[in-house]
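As a plain string of letters, each chain reads:
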Amino acid sequence: MVAQRHPGRPVRFQDPERNAAYWARITRIVDAAPPLEDTQRAAIRAAFHGTKHREAA
């Protein structure tokens, strides 16, 4: 088995070359994106953390 450079990433494709190409593409897209503003970070954080409060209600 080939060790992954980022162990937290799921294996999308069983072919290691295709999987590496997929994650390289994702990395290029993320690197090309502009940085998030604080209000964008807050909205994302609220979207993920707010669901726990709604489920409990």
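Preceding this section is the structure that the text describes.
The rules we used
- Residues numbered from 1 in each chain as written.
- Predicted model: local features only at pLDDT ≥ 70, side-chain atom pairs only at ≥ 80, totals over all residues.
- Heavy atoms only, no water.
- Helix = DSSP H or I, 4+ residues; strand = E, 2+ residues; numbered from the N terminus.
- Buried < 20%, exposed > 50% of the residue type's maximum accessible area, 1.4 Å probe, protein only.
- Areas by Shrake-Rupley, 256 points an atom, 1.4 Å probe, with all protein chains shown as cover.
- Salt bridge = Lys/Arg side-chain N within 4 Å of Asp/Glu carboxyl O.
- Patch = residues over 30% accessible without salt bridge, like charges linked within 9 Å, V, L, I, M, F, W, Y side chains within 5 Å.
- Phe/Tyr/Trp six-rings, centres within 6.5 Å; stacked < 30°, edge-to-face > 60°.
- Contact = heavy atoms within 4.5 Å.

Remarks on the overall build of the chain
Now for step 1: The number of helices and strands found in the chain is two helices and zero strands.
Now for step 2: For the chain, the residues scored as buried account for 5% of the 57 residues in total.
Now for step 3: Put simply, the chain shows about 5400 Å² of open surface, and 59% of that area lies on carbon and sulfur atoms.

Side note on the pattern of salt bridges
Now for step 1: Taken as a whole and judged by the stated rule, the model has one salt bridge.
Now for step 2: In this structure, Asp 38 engages Arg 41 in a salt bridge whose closest nitrogen and oxygen atoms are separated by 2.9 Å. In this pair, Asp 38 and Arg 41 are both assigned in helix α2 (residues 38–56), three residues apart and thus about one turn of the helix distant.
Now for step 3: Given a relative accessible area of 60%, Asp 38 falls into the exposed group.

Things to note about a nonpolar patch on the surface
Now for step 1: Taken together, the side chains of Leu 36, Ile 44 and Phe 48 make up a nonpolar region of the molecular surface, amounting to roughly 310 Å² of accessible area.
Now for step 2: Tracing the backbone shows Leu 36 in the loop between α1 (16–32) and α2.
Now for step 3: Look at Leu 36 and you get partly exposed, because its relative accessible area is 41%.

Considering the packing of aromatic side chains
Now for step 1: If you walk through the whole model with that rule in mind, you get two aromatic pairs.
Now for step 2: Summarising the aromatic geometry, the rings of Phe 13 and Tyr 22 are spaced 5.6 Å apart at their centres and angled 75° between planes, so their arrangement reads as edge-to-face.
Now for step 3: For Phe 13, a relative accessible area of 22% corresponds to the partly exposed category.
Now for step 4: Residue classification places Tyr 22 among the partly exposed positions, given a relative accessible area of 23%.
Now for step 5: For the ring pair Tyr 22 and Trp 23, a centre distance of 5.0 Å and an interplane angle of 85° mean the geometry is edge-to-face.
Now for step 6: Among the aromatic residues, those joined into a cluster by ring pairs are Phe 13, Tyr 22 and Trp 23.

Examining the environment of Phe 13
Now for step 1: Topologically, Phe 13 is positioned in the segment before α1.
Now for step 2: For Phe 13, the contacting residues outside a window of four places in its chain are Arg 18, Asn 19 and Tyr 22.

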